[in-house]
Amino acid sequence: MIAAILAGGRSSRFGEEKLLYRVDGKPLITHTIERLVKAENIEEVVVITFKEKEHEFKKLGLKILIDKFKIGPIGGVYTALVELGDVFIAAGDMPNINPEFVDYIIKKFHRSRPMVCVPLWPNGYLEPLHAAYSEEFLPVLENQIKKREYMLGKAIKNARTCYIQIESLPLEWRESLFNINTKRDLKKFKGASRE
Ligand SMILES: Nc1nc2c(ncn2[C@@H]2O[C@H](COP(=O)(O)OP(=O)(O)OP(=O)(O)O)[C@@H](O)[C@H]2O)c(=O)[nH]1
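Cut-off values and rules
- Residues numbered from 1 in each chain as written.
- Predicted model: local features only at pLDDT ≥ 70, side-chain atom pairs only at ≥ 80, totals over all residues.
- Helix = DSSP H or I, 4+ residues; strand = E, 2+ residues; numbered from the N terminus.
- Rg over C-alpha atoms; globule rule 2.2 N^0.38 Å.
- Buried ≥ 20, exposed ≤ 12 C-beta atoms within 10 Å, placed from the backbone.
- Contact = placed C-beta atoms within 7 Å.
- Near = placed C-beta within 6 Å.
- Nonpolar A, V, L, I, M, F, W, Y, C, P; charged D, E, K, R; others polar.
- UniProt positions renumbered as here; feature names shortened; annotations may be inferred.
- Expected span 1.5 Å × (residues − 1).
- Pairing = 2+ DSSP bridges.
- Axes fitted to C-alpha atoms, helices over the stretch in contact; angles between N-to-C directions.

A. Spotlight on the overall build of the protein chain. Summing up its helical and strand segments, the protein chain has seven helices and nine strands in all. Taken over the C-alpha trace, the protein chain has a radius of gyration of 16 Å; the compact-globule value for 195 residues is 16 Å, and the two agree within 12%. Along the first, second and third principal axes, the C-alpha set of the protein chain runs to 40 × 40 × 30 Å. In the protein chain, which comprises 195 residues, the share counted as buried stands at 38%. Sequence-distant contacts in the protein chain: of pairs separated by 6 or more residues, those separated by 24 or more amount to 68%.

So, in structure tokens, the structure goes:
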């Protein structure tokens with residue numbers, strides 16, 4: 001399966017493009033990519049961003065796809081499904097992404113053939129930027145985008161979805177879902193990477 005990394009955000013909480021911010025000598029997104037490519041079920045990683053950011057992300061040496069909308073992650077997922085078919089979606093700001101957990105999600109996706117296979121927290125919160133998607137999900141997305149409803153979670157809840165209960169997974173896999181929003185979050189990442 002191809003993995004598509006979403007890289008079209010505004011990084012407003014971070015204050016500058018967080019995915020290109022250098023941590024331990026390399027851009028944050030490179031940490032995510034290096035871990036993602038270790039997943040056995042990932043054959044290629046592509047980056048989905050906006051035209052104006054294409055130049056910067058091209059330096060990573062990966063295929064770049066231009067987001068068809070500017071409406072948030074739902075537009076990035078739509079673009080990935082149209083261009084790539086079935087896909088694993090990851091946020092670029094998840095530097096602890098765990099290749100074993102990614103493989104687990106993809107295997108579950110292939111076994112049960114849902115539209116989406118997504119981690120779910122006990123409080124109902126989803127992790128849609130760490131999930132496997134089928135192109136069969138496209139009509140659901142189109143329908144919602146047409147109505148200008150841009151909540152990805154809402155589309156997932158209207159789909160044939162396989163939920164992965166996070167509380168029943170190995171504790172160390174939860175780190176995979178950690179993401180960087182602010183500069184303070186960087187301290188947590190650096191702390192983890194020194195262990
Ligand atoms: N392709 C694409 N990626 C997006 C879009 N919006 C967010 N992302 C990416 O999705 C991931 C999670 O984004 P967030 O941290 O929730 O949002 P953000 O806009 O980057 O940051 P804030 O402005 O602080 O909310 C990041 O890797 C973003 O680059 C979008 O419209 N298109």
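B. Expanded view of the site of the ligand. Near the ligand, the surroundings consist of 23 residues, among which Gly 8, Gly 9, Ser 12, Arg 13 and Gly 76 are the closest. Breaking the shell around the ligand down by element, the ones donating at least two residues are β4 (44-49) and α3 (73-84). When residues in the shell around the ligand are grouped by element, the largest group, three residues, is from α3. Broken down by class, the residue content of the shell around the ligand amounts to eight nonpolar, ten polar and five charged.

C. Quick look at the environment of Lys 18. Summarising the element assignment, Lys 18 is placed in the loop between β1 (2-6) and β2 (22-23). Here the alpha-carbon distance between Lys 18 and Val 77, two residues 59 residues apart in the chain, equals 20 Å. In contact with Lys 18, not counting residues within four places along its chain, are Ser 11, Leu 28, Asp 93 and Ile 180.

D. Highlighting the UniProt feature "binding site: Mg(2+)" (unreviewed entry) in the protein chain. Mapped onto this structure's residue numbering, the UniProt feature "binding site: Mg(2+)" (unreviewed entry) falls at Asp 93. By the C-beta count within 10 Å, which is 26 here, Asp 93 ends up buried.

E. Here's a closer look at the UniProt feature "binding site: GTP" (unreviewed entry) in the protein chain. The residues that UniProt annotates with the feature "binding site: GTP" (unreviewed entry) are Leu 6, Ala 7, Gly 8, Lys 18, Asp 67 and Asp 93. Within the fold, Leu 6 resides in strand β1. On the neighbour-count criterion, Leu 6 (23 C-beta atoms within 10 Å) is buried. Discounting chain neighbours no more than four positions away, the residues touching Leu 6 are Ile 48, Pro 73, Gly 76, Ile 89, Ala 91, Gly 92 and Leu 129. Structurally, Asp 93 is set in the loop between β6 (87-91) and α4 (99-112). The residues contacting Asp 93, other than those within four sequence positions of it, are Lys 18, Leu 19, Leu 28, Asn 179 and Ile 180.

F. Seen up close, α3. If you check α3, its first and last C-alpha atoms are 16 Å apart, about what twelve residues at 1.5 Å a residue would give, namely 16 Å. Across the twelve residues of α3, ten count as buried, placing the element largely inside the fold. All of the buried residues in α3 are Pro 73, Ile 74, Gly 75, Gly 76, Val 77, Tyr 78, Thr 79, Ala 80, Leu 81 and Leu 84.

G. Representation of the sheet that holds strand β7 (residues 116-120) within the structure. Pairing within the open sheet is mixed, and its seven strands lie in the order β5-β4-β1-β6-β8-β7-β9. Here the strands that pair on one side only, and so sit at the sheet edges, are β5 (63-66) and β9 (161-165). Sheet twist, expressed as the average angle between the axes of neighbouring strands with direction ignored, equals 25°. Across two bridges, the pairing between β7 and strand β8 (residues 130-133) is antiparallel. Its bridge partner being in β8, Val 116 is matched across the sheet by Tyr 133. With respect to the sheet, α4 is in contact with β6, β7, β8 and β9, its orientation differing from that of β9 by roughly 145°.

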